[in-house]
Amino acid sequence: MTNSVGPGRKARRGTQVKLSDVAKKVGVSPITISRALRNPQIVSEDLREVILRTVDEMGYIPNLAARALAGRHNGVVGVITPALHQYGFTGLMIGIEERFRDTEFTVQYSNTLRHAEGEAGLLKSFLTQKPAGVIIVGAESYRNLLPLIDSAACPIAHITDLSQEPQTLVVGLDHYTAGVEPTRFLLSRGYKRIAFMGRGADVRSRRRIEGYEAVMREAGHFDPDLIIGGEAASRTGLGRELFSRLLQRVPDVDAVFAQSDEMALGVLIECKERGIRVPEDLGVCGFNDLEFSAFIEPSLTTVHIPRYDIGYRVADMLLRAVRDEPPDEDKADLGFSIIARGSTR
């Protein structure tokens, strides 16, 4: 019995296909295979297709640890994010993936589930593997992260609220202003008793609460009872629950600024159940401009965040840093826009 891997046959379990096996099958040197896998653009299209097909047929899996020992990094970009399961992060991830798609790098994700105390541990875990770079998305606190970032052997990029500590390789927006402007918009449409729906679970939503409160105080309409938050398995269900509670304590509420489109959808559903007219009796503004927002009835006024562009830009910044190329900019504010639709006057 032999452990050799024949043409067109993937390795059996327990059989480790080596780089030299692939090279022998293709008829080139192992270094050519290695370079082609790291930098596909350096070989001809025909040879690249042969190598990739052979790698797949033989079941060869690159040894990232060996790659890391042999070079500066293991070819992986780590992404630490607080909530991969939420729709709002999907656009960011697509942007990141698109930028790295035709490069020699692969992307690996780790999810903190909004546990700030786990952020430093996940970063340490990535750094011990000699990654090409790391992207930190929406960190709650940089107190424990900054020492690791300062001593890291690879570049680290950030998607943040622009008030946070990192000053280089940063893409994001000012969430305080993202609380100010939608509140002003609702006031400009004649609403006065404007509620803020969201519990301030992270630094970005807390900054938006601060912006909302500043505008409402300036207009003489601030009431702490108009700020409401809570927990639920479903964000749409949470929107319904919070709006019901809001009506009990502030019956004359005439607008809601919800911190997600899913929660805003819950408000709209509850309004329909109760016979509350939108936008005549109640104005509703969401946040994130998810795809469904333009197609529900009434369509949802919301805050558009350029999530794909943010993801693509931060990946591009990191890629330039990994390749020792000069950056176009150290810090990018990609802002937001208010999309006025049928849920507001």
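Just so it is clear, the model here is predicted, and its values are computed rather than measured.

## Comments concerning the overall build of the protein
Inference 1: Within the protein, the regular secondary structure consists of 12 helices and 12 strands.
Inference 2: By its C-alpha atoms, the protein is 80 × 40 × 35 Å across when sized along the principal axes.
Inference 3: A separation of at least 24 residues holds for 68% of the contacts in the protein among residues at least 6 apart in sequence.
Inference 4: Only carbon and sulfur atoms are counted for the fraction: they give 49% of the accessible area of the protein, which is about 16800 Å².
Inference 5: Looking at charge distribution, the protein has the averaged site of its 43 positive side-chain charges lying 6 Å from that of its 45 negative ones.

## Things to note about the packing of aromatic side chains
Inference 1: One pass over the structure, following the stated rule, counts four aromatic pairs.
Inference 2: Between F196 and Y212, the ring centres sit 5.3 Å apart and the planes meet at 50°, which makes this aromatic pair tilted. Separated by 16 residues along the polypeptide, F196 in strand β6 (residues 194-197) and Y212 in helix α9 (residues 203-218) bring together distant segments of the chain. An identical accessibility class is assigned to F196 and Y212; each is buried.
Inference 3: Taken together, a centroid distance of 5.6 Å and an interplanar angle of 80° make the contact between F196 and F257 edge-to-face. Highlighted residues: F196 in strand β6 and F257 in strand β8 (residues 255-258), separated in sequence by 61 residues.

## Side note on the pairing of strand β4 (residues 156-161)
Sheet faces and side chains relate simply in a regular strand, where the side chains alternate between the two faces.
Inference 1: With six of six residues buried, β4 is to be regarded as a mostly interior element.
Inference 2: When strand β3 (residues 133-137) meets β4, the two strands line up parallel, connected through four bridges. Across the sheet, the residue bridging to I136 is H158, located in β4.
Inference 3: The parallel pair β3 and β4 is bridged by helix α7 (residues 146-151), and the resulting crossover is right-handed.
Inference 4: Of the pairings in the sheet, the one linking β4 to strand β5 (residues 170-173) comprises four bridges and is parallel in character. Each residue of the ladder has a partner; that of D161, found in β5, is L173.

## Overview of the pattern of salt bridges
Inference 1: Counted according to the given criterion, the structure contains 21 salt bridges.
Inference 2: One salt bridge connects R207 with D161, and the closest N-O pair in it is separated by 3.2 Å. Residue R207 is located in helix α9, and its partner D161 is located in strand β4; the two are separated by 46 residues in the primary sequence.
Inference 3: On the basis of relative accessibility, which here comes to 0%, the residue D161 falls in the buried class.
Inference 4: With a shortest N-O distance of 3.3 Å, D252 and R193 are connected by a salt bridge. In this pair, D252 sits in the loop between α10 (235-249) and β8 while R193 sits in the loop between α8 (175-188) and β6, placing the two residues 59 residues apart along the sequence.
Inference 5: With a relative accessible area of 45%, D252 lands in the partly exposed category.
Inference 6: For R193, a relative accessible area of 23% translates into the label partly exposed.
Inference 7: Here the salt bridges share partners, and the residues they tie into one network are R99, D316, R320 and D328.

## A word on the sheet that holds strand β11 (residues 331-333)
Inference 1: Strand order in the open sheet formed by six strands is β2-β1-β3-β4-β5-β11, and the pairing between neighbours is parallel. Each edge of the open sheet carries a strand with a single partner, namely β2 (106-111) and β11. Here the strands of the sheet are splayed against their neighbours by 15° on average, with no regard to which way each runs.
Inference 2: Seen against the sheet, helix α5 (residues 90-100) touches β1 (76-81), β2, β3 and β4 and runs at an angle of roughly 155° to β2.

## Section: the sheet that holds strand β7 (residues 227-228)
Inference 1: Across the sheet, which stays open at both edges, the four strands sit in the order β7-β6-β8-β9 with parallel pairing between neighbours. Strands at the two margins of the open sheet, each flanked by one partner only, are β7 and β9 (283-285).
Inference 2: One ladder, built from three bridges, connects β8 with β9; its direction is parallel. Looking at the pairing, A255 lines up with G283 of β9.
Inference 3: Its contacts with the sheet place helix α11 (residues 261-274) against β6, β8 and β9, and it is angled at close to 160° to β9.

Conventions adopted
- Residues numbered from 1 in each chain as written.
- Predicted model: local features only at pLDDT ≥ 70, side-chain atom pairs only at ≥ 80, totals over all residues.
- Heavy atoms only, no water.
- Helix = DSSP H or I, 4+ residues; strand = E, 2+ residues; numbered from the N terminus.
- Contact = heavy atoms within 4.5 Å.
- Areas by Shrake-Rupley, 256 points an atom, 1.4 Å probe, with all protein chains shown as cover.
- Lys, Arg positive; Asp, Glu negative; His and termini not counted.
- Charge placed at Lys NZ, Arg CZ, Asp CG, Glu CD.
- Phe/Tyr/Trp six-rings, centres within 6.5 Å; stacked < 30°, edge-to-face > 60°.
- Buried < 20%, exposed > 50% of the residue type's maximum accessible area, 1.4 Å probe, protein only.
- Pairing = 2+ DSSP bridges.
- Right-handed = clockwise from strand over helix to strand, strands pointing away.
- Salt bridge = Lys/Arg side-chain N within 4 Å of Asp/Glu carboxyl O.
- Axes fitted to C-alpha atoms, helices over the stretch in contact; angles between N-to-C directions.

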